[in-house]
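# Reading the structure
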Amino acid sequence: QVQLVESGGRLVQAGGSLSLSCAASGGTFSRYSMAWFRQAPGKEREFVACIRWTDVATYYADSVKGRFTISRDNAKTTVYLQMNSLKPEDTAMYYCAATQRVAVSGRGRLDYDYWGQGTQVTVSS
C-alpha cells in the first residue's frame, strides 16, 4: 500500500512558476510509475504528466508540453512537477498517482492504483 501526499500548490500570477511535490511512503518507490493529473471544477480529471519506473521515460499532455517538467528522486521517494509559464487554464486541483503496472500507457486514470488527496493550484490573470 502506497501513501501519497502532495504539496506546493498556491495562488500564482499568470506567467509565473510553481513546483509541486508528491512524497510517497509504504512501497518500493523506484518500482512505481508516477503521474500528475489535474481536475478543474466541473471537468473530468485529466492527465498532465507521467514518469515510468521501467525506463524513466516521461510523457506530457499537449497542453503542458514545453512548460511543465516531471521528475523523480528515488532516494527521497518524491516526484516533482515543475510548472513554468502558468496560464489561468492551469487552475485545478493537482493529484499525484502511482502504479506498479507495466503494460499500461500511463496516461489514463485507470492505469493508476494509488492517489493523493490533491493540492490546489490557482493561476490569476
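Structure: above.
Residues numbered from 1 in each chain as written. Predicted model: local features only at pLDDT ≥ 70, side-chain atom pairs only at ≥ 80, totals over all residues. Heavy atoms only, no water.

## Side note on the overall build of the protein chain
- When you go through the protein chain residue by residue, the secondary structure sums to 0 helices and 11 strands.
- The order of helices and strands in the protein chain, counted from the N terminus, is β-β-β-β-β-β-β-β-β-β-β.
- Relative to the compact-globule value of 14 Å for 125 residues, the protein chain shows a C-alpha radius of gyration of 13 Å, a close match.
- Seen through its C-alpha atoms, the protein chain measures out along the principal axes to roughly 40 × 25 × 25 Å.
- Taking all 125 residues of the protein chain together, the buried fraction comes to 42%.
- A fraction of 57% describes how many contacts in the protein chain between residues 6 or more apart in sequence connect residues 24 or more apart.
- With the model as given, the accessible surface of the protein chain reaches about 6,300 Å², and the carbon-plus-sulfur share is 48%.
- If the 14 positive side-chain charges of the protein chain are averaged to one point and the 10 negative ones to another, these points end up 2 Å apart. (Helix = DSSP H or I, 4+ residues; strand = E, 2+ residues; numbered from the N terminus. Rg over C-alpha atoms; globule rule 2.2 N^0.38 Å. Buried < 20%, exposed > 50% of the residue type's maximum accessible area, 1.4 Å probe, protein only. Contact = heavy atoms within 4.5 Å. Areas by Shrake-Rupley, 256 points an atom, 1.4 Å probe, with all protein chains shown as cover. Lys, Arg positive; Asp, Glu negative; His and termini not counted. Charge placed at Lys NZ, Arg CZ, Asp CG, Glu CD.)

## Some words on the nonpolar core
- Residues Leu4, Met34, Trp36, Val79, Leu81, Met83 and Tyr94 are the most contacted members of the largest nonpolar core, which totals 36 residues.
- Put simply, the parts of the chain that give this core at least two residues each are β3 (18–25), β4 (33–39), β5 (46–51), β7 (68–73), β8 (78–83), β9 (92–99) and β11 (119–124). (Core = buried A, V, L, I, M, F, W, Y, C linked by side-chain atoms within 4.5 Å.)

## Here we look at the pattern of salt bridges
- For the structure on display, the rule yields 7 salt bridges.
- Across the pair Arg52 and Asp55 runs a salt bridge, and its minimum N-O distance is 2.5 Å.
- A residue is classified by how much of its surface remains accessible, and Arg52, at 21% relative accessible area, is partly exposed.
- Through salt bridges that share partners, Arg38, Glu46, Arg67 and Asp90 make up one connected network. (Salt bridge = Lys/Arg side-chain N within 4 Å of Asp/Glu carboxyl O.)

## What about the environment of Tyr114?
- In this structure, Tyr114 sits in strand β10 (residues 114–115).
- Sequence separation of Tyr114 and Val2 is 112 residues, and the distance between their C-alpha atoms is 6.5 Å.

## Let's talk about the state of the cysteines
- This model, assessed by the stated rule, comprises 1 disulfide.
- The residue that forms a disulfide with Cys22 is Cys96, at a sulfur-sulfur distance of 2.1 Å. Between Cys22 and Cys96, the S-S dihedral sits near -80°, and the bridge is therefore left-handed. Of this pair, Cys22 sits in strand β3 while Cys96 sits in strand β9, and the two are 74 residues apart along the sequence. Each member of the pair Cys22 and Cys96 is classed as buried. (Disulfide = S-S within 2.5 Å.)

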